[in-house]
Amino acid sequence: SGVVTLPDGSTASVRRFVEKGEGFTQDDIEAMLAEQEKVLRNIVLLHRQLQDQGQIEVSMTPYFHPILPLLMDTDRATLDRAGTAYPARFAYPEDAEAHVAGMVTFYRERFGRELRGMWPAEGAVAEAIVPILVRHGVQWIATDEGVLARSGYYGYRVEDPNVLCQPYRVLPPTGDGGVSVIFRHRQLSDAIGFHYQTVPEPERAAQSFVAGIKEIALGLKGERDGLLPVILDGENAWGSYRDDGRPFLHALYQTLASD
């Protein structure tokens, strides 16, 4: 019928507009907008339902998408390219804290529970932000494998799945609490973000992805479990896929479920 029942009990349908296809009147446009507004009103509610059912976990990004380490103190940045220089010092740690606090409150008000996980804006992280996260109850954050590769005194060998495919624990200077950090597998993430939309058959793309997972798993030593974070910007990917990525995602989850 083309009618979808939404989490708040209302129904929405755009079938009549799809079937009409052209020659829309002002009344059509207003009716279409009304259907879209129904869907928009249910986005948070749908994710809350899925989270309460245990199917997903909703993570957040600091409130107005700040680059937290630079908001803390631009003088702490590492100059790693020839010809670069520090800007006039910009250091507002109280603002960084406000963005994290605002995010935590926003989440609690909409999801009825405490926030656990965070993707820092642009994956930008630094040790200096850890105490703020601990104070506000953030339990885990995610960033890119390149950060792990250049962390510590010598860096980490991220090409080894025994190094990359696990969570790490970062402690604040006091040693209290701490935050778990996971690092995204760049190759597999970018395959979905930038490559598989060019593969005509979604099933073949899904099989390629699962084959990549198995290749990584073969590199894990012993009987240990591995954690493989695949993280990508949705706005970069789904608009380039046929039908906004639905055939690919259906193929991917069916392949994972049946393997």
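Just above sits the structure.
Residues numbered from 1 in each chain as written. Predicted model: local features only at pLDDT ≥ 70, side-chain atom pairs only at ≥ 80, totals over all residues. Heavy atoms only, no water.

Colleague: I'd like a rundown of the sheet that holds strand 4 (residues 140-144), residues and numbers included.
Modeller: Here four strands make up an open sheet; going across it, the order is 3-4-6-5 and the pairing mixed. Lying at the two open borders of the sheet, with one neighbouring strand each, are strand 3 (117-118) and strand 5 (168-170). Sheet topology places strand 5 next to strand 6 (residues 179-184); three bridges connect them, and they run antiparallel. Following the sheet pairing, Arg169 is matched in strand 6 by Ser180. (Pairing = 2+ DSSP bridges. Helix = DSSP H or I, 4+ residues; strand = E, 2+ residues; numbered from the N terminus.)

Colleague: For a nonpolar patch on the surface, give the residues involved together with the corresponding values.
Modeller: Residues Val39, Leu40, Ile43 and Val44 make up a contiguous nonpolar surface patch of roughly 320 Å² in combined accessible area. Elements that contribute at least two residues to the nonpolar patch include exactly helix 2 (26-41) and helix 3 (43-52). Note on placement: Ile43 falls in helix 3. Given a relative accessible area of 40%, Ile43 falls into the partly exposed group. (Patch = residues over 30% accessible without salt bridge, like charges linked within 9 Å, V, L, I, M, F, W, Y side chains within 5 Å. Areas by Shrake-Rupley, 256 points an atom, 1.4 Å probe, with all protein chains shown as cover. Salt bridge = Lys/Arg side-chain N within 4 Å of Asp/Glu carboxyl O. Buried < 20%, exposed > 50% of the residue type's maximum accessible area, 1.4 Å probe, protein only.)

Colleague: Summarise the packing of aromatic side chains; cite the residues concerned and give the values.
Modeller: Taken as a whole, this structure holds ten aromatic pairs when the rule is applied. Considering the side-chain rings of Trp238 and Tyr241, the 5.2 Å spacing of their centres and the 50 degrees angle between planes classify their relative orientation as tilted. Judged by relative accessible area, which is 24%, Trp238 ranks as partly exposed. Three or more aromatic residues joined by ring pairs make a cluster, and in this case those are Tyr196, Trp238, Tyr241 and Phe248. The ring of Phe106 carries the charged tip of Arg110 above its face, separated from the ring centre by 3.6 Å. (Phe/Tyr/Trp six-rings, centres within 6.5 Å; stacked < 30°, edge-to-face > 60°. Lys NZ or Arg CZ within 6 Å of the ring centre and 35° of its normal.)

Colleague: Explain the packing of helix 3 against helix 5 (residues 93-111) to me, using residue names and the numbers behind them.
Modeller: In contact at an axis separation of 10 Å, helix 3 and helix 5 are set at 80 degrees when each is read in the N-to-C sense. As far as their axial angle goes, helix 5 and helix 3 are roughly perpendicular. Where helix 3 approaches helix 5, its residues Val44, His47, Arg48 and Gln51 are matched on the opposing element by Tyr107, Arg110 and Phe111. Looking at side-chain class alone, the contact of helix 3 with helix 5 contains three nonpolar, two polar and two charged residues. (Axes fitted to C-alpha atoms, helices over the stretch in contact; angles between N-to-C directions. Parallel < 35°, antiparallel > 145°, perpendicular 65-115°, else oblique. Contact = heavy atoms within 4.5 Å. Nonpolar A, V, L, I, M, F, W, Y, C, P; charged D, E, K, R; others polar.)

Colleague: For unusual backbone geometry, give the residues involved together with the corresponding values.
Modeller: We note that His65 has phi near 60 degrees; this positive angle belongs to a residue other than glycine. A relative accessible area of 43% means that His65 is categorised as partly exposed. The backbone of Glu122 shows a phi angle near 60 degrees, a positive value even though the residue is not glycine. Take Glu122: it is sitting in the loop between strand 3 and helix 6 (130-135). For Glu122, a relative accessible area of 57% gives the class exposed.

Colleague: Tell me about the pattern of salt bridges, and name the residues and values.
Modeller: Per the stated rule, a full pass over the model turns up 20 salt bridges. For Arg15, the salt bridge is made with Glu19, and the minimal N-O distance between the two is 3.9 Å. A residue pair is termed a helical-turn pair when its members lie 3 or 4 positions apart in one helix, as Arg15 and Glu19 do in helix 1 (residues 15-20) at four residues. For Arg15, a relative accessible area of 40% gives the class partly exposed. A relative accessible area of 60% means that Glu19 is categorised as exposed. The shortest N-O distance in the salt bridge between Glu109 and Arg110 comes to 3.4 Å. The exposure class assigned to Arg110 is partly exposed, which follows from its relative accessible area of 32%.

Colleague: Could you give an account of the pairing of strand 4, with specific residues and numbers?
Modeller: Of all five residues in strand 4, four are buried; the element is thus mostly enclosed. Relative to strand 4, strand 3 runs parallel, the two sharing two bridges. In the strand pairing of strand 4, Met118 is matched with Ile141. Of the pairings in the sheet, the one linking strand 4 to strand 6 comprises five bridges and is parallel in character. When the sheet's bridge partners are listed, Ile141 is paired in strand 6 with Val181.

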